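So the chains spell out like this:
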Amino acid sequence: MLRAGGVTIHFLNAGFWYDDGGAQFGIVPRELWSREKPPNARNRIKMSLTCPLIVSGQDVILVDTGIGNRLSEREVQIYTPDPADRLVKGLDALGLAPQDVTHVVLSHLHFDHVGGLIDKTAEGEARPIFSQAQVVIQRAEWELATRPPDERLAAAYRHAPECLHALGRIELLDGDTRLTPEVRTAVSGGHTAPHQCVIVEAGGTGLIHLADIVPTTSHLRPAWNAAYDTDPLATIAAKKRFFAEAQAGNLWVSFSHDDTLAAGRLAPQTGKKPELAETIPIADWRSTRP
Ligand SMILES: [Zn+2]
């Protein structure tokens, strides 16, 4: 948990899942990334689903929602996500219910960020979980997901339409937007062209949630980027820009998928890889699967 002025930031863990290590590290040789993120027998690395919850006065802002319960049997075999109830259990541990969430901000619309918006019933019906929340998405991301222009993007967004279809209140943003006096979104590009980060600033400190620009601490290195990124050069530029902003504003940075850490404070840079001076571990759900 972090406090910034009158704002409290919790790092909810929507569980763990596994993804192909090569896909997560793109052109970085396995020889290098496997030292930091050792793959299992199926070449997959353990990932978290870290979703910051920003509480400020009447505003309860959830950033991203995890995978949810709507993957096919085949996809469950590939990604082996934890049970989908962990996000709601995390809220419950804070004395909050899903209907207390006032805003859900989506960094982008890939399945591991958008899937937890809905609960899919045994009958196949999709019910919004955060029934009172305004769901905040970049308009350009919405357009890519609902009308993908090519086969690669159609595959990347294949899960989004079902999750979005059931929603009542969607707010589409055109670029960087201030949501409350302390919370704003900033478009990063890189992972997807309209991918957005969420920035909290209050009381002389705060947070930048980097989402999939820096999914794990290994991706703090500017040149270590996921094969999923549609524009890796934009990812590199975004990292440099947000790291400088974090240093200048005394802000913490947080990661969408690191299996150990939810957030950290960047140390003054000395070597090639930005290091963390202080860290916040992810909530431990004691996932027992290999
Ligand atoms: Zn992701």
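Residues numbered from 1 in each chain as written. Predicted model: local features only at pLDDT ≥ 70, side-chain atom pairs only at ≥ 80, totals over all residues.

*Asks:* If you had to explain helix α9 (residues 232-249) to someone new, which residues and values would you point to?
*Replies:* Over its 18 residues, α9 runs 25 Å from end to end, which matches the ideal 26 Å to within 8%, given 1.5 Å per residue. Of all the positions in α9, only Thr 235, Ala 238, Lys 239, Phe 242, Phe 243 and Ala 246 are classed as buried. All buried residues of α9 project into a common sector of 130° when viewed along the axis, lining one side. Opposite the packed face of α9, turned more than 90 degrees from it, sit the exposed residues Leu 233, Lys 240, Ala 244 and Ala 248. Structurally, α9 contributes buried residues whose contacts are with β12 (196-202), β13 (205-209), β14 (251-254) and β15 (261-266). After α9 finishes, the residue Asn 250 shows a positive phi value of roughly 55°. (Helix = DSSP H or I, 4+ residues; strand = E, 2+ residues; numbered from the N terminus. Expected span 1.5 Å × (residues − 1). Buried ≥ 20, exposed ≤ 12 C-beta atoms within 10 Å, placed from the backbone. Arc of directions from axis to C-beta. Contact = placed C-beta atoms within 7 Å.)

*Asks:* Please give an account of the environment of Leu 32 that cites residues and values.
*Replies:* Take Leu 32: it is sitting in helix α2 (residues 30-36). For Leu 32, a count of 12 C-beta atoms within 10 Å translates into the label exposed.

*Asks:* Break down the sheet that holds strand β1 (residues 2-4) for me, citing the residues and quoting the values.
*Replies:* Strand order in this open sheet of 7 strands is β1-β2-β3-β4-β5-β8-β9, and the pairing throughout is mixed. A single partner strand is all that each edge strand has here, and the edge strands are β1 and β9 (170-173). Direction aside, the axes of adjacent strands within the sheet are offset by 25° on average. Relative to strand β8 (residues 134-138), strand β5 (residues 103-105) is paired through 3 bridges, and the arrangement is parallel. Looking at the pairing, His 103 lines up with Gln 134 of β8. Across the face of the sheet, helix α4 (residues 86-93) comes into contact with β2 (7-20) and β3 (44-56) while running at roughly 155° to β2. Sheet strands in contact with helix α6 (residues 139-146) are β8 and β9, and its direction is about 85° off that of β8. (Pairing = 2+ DSSP bridges. Axes fitted to C-alpha atoms, helices over the stretch in contact; angles between N-to-C directions.)

*Asks:* Account for the confidence of the model for the protein, naming residues and giving values.
*Replies:* For the protein, the mean per-residue pLDDT works out to 94, and 98% of the residues sit at or above 70. With pLDDT under 50 throughout, residues 286-290 is counted as low confidence; its partners more than four residues away or in other chains account for 4 contacts. (pLDDT = per-residue confidence, 0-100.)

*Asks:* Kindly report on the sheet that holds strand β11 (residues 183-187), identifying the contributing residues and their values.
*Replies:* Read across the sheet, 7 strands follow the order β10-β11-β12-β13-β14-β15-β16 without closing on themselves; strand pairing throughout is mixed. On the outer flanks of this sheet lie β10 (177-178) and β16 (276-281), each paired with one strand and no other. For β11 and β12, the ladder comprises 5 bridges, and the chain directions are antiparallel. Opposite Arg 184, over in β12, you have Ile 199 as the bridge partner.

*Asks:* Account for unusual backbone geometry, with residues named and values stated.
*Replies:* Trans peptide bonds make up the majority, and among non-glycine residues the majority have a negative phi. Positive phi outside glycine occurs at Asn 43, with the angle close to 65°. Residue placement: Asn 43 occurs in the loop between α2 and β3. The backbone of Ala 211 sits at a positive phi, close to 50°, despite the residue not being glycine. Structurally, the position occupied by Ala 211 is in the loop between β13 and α9.

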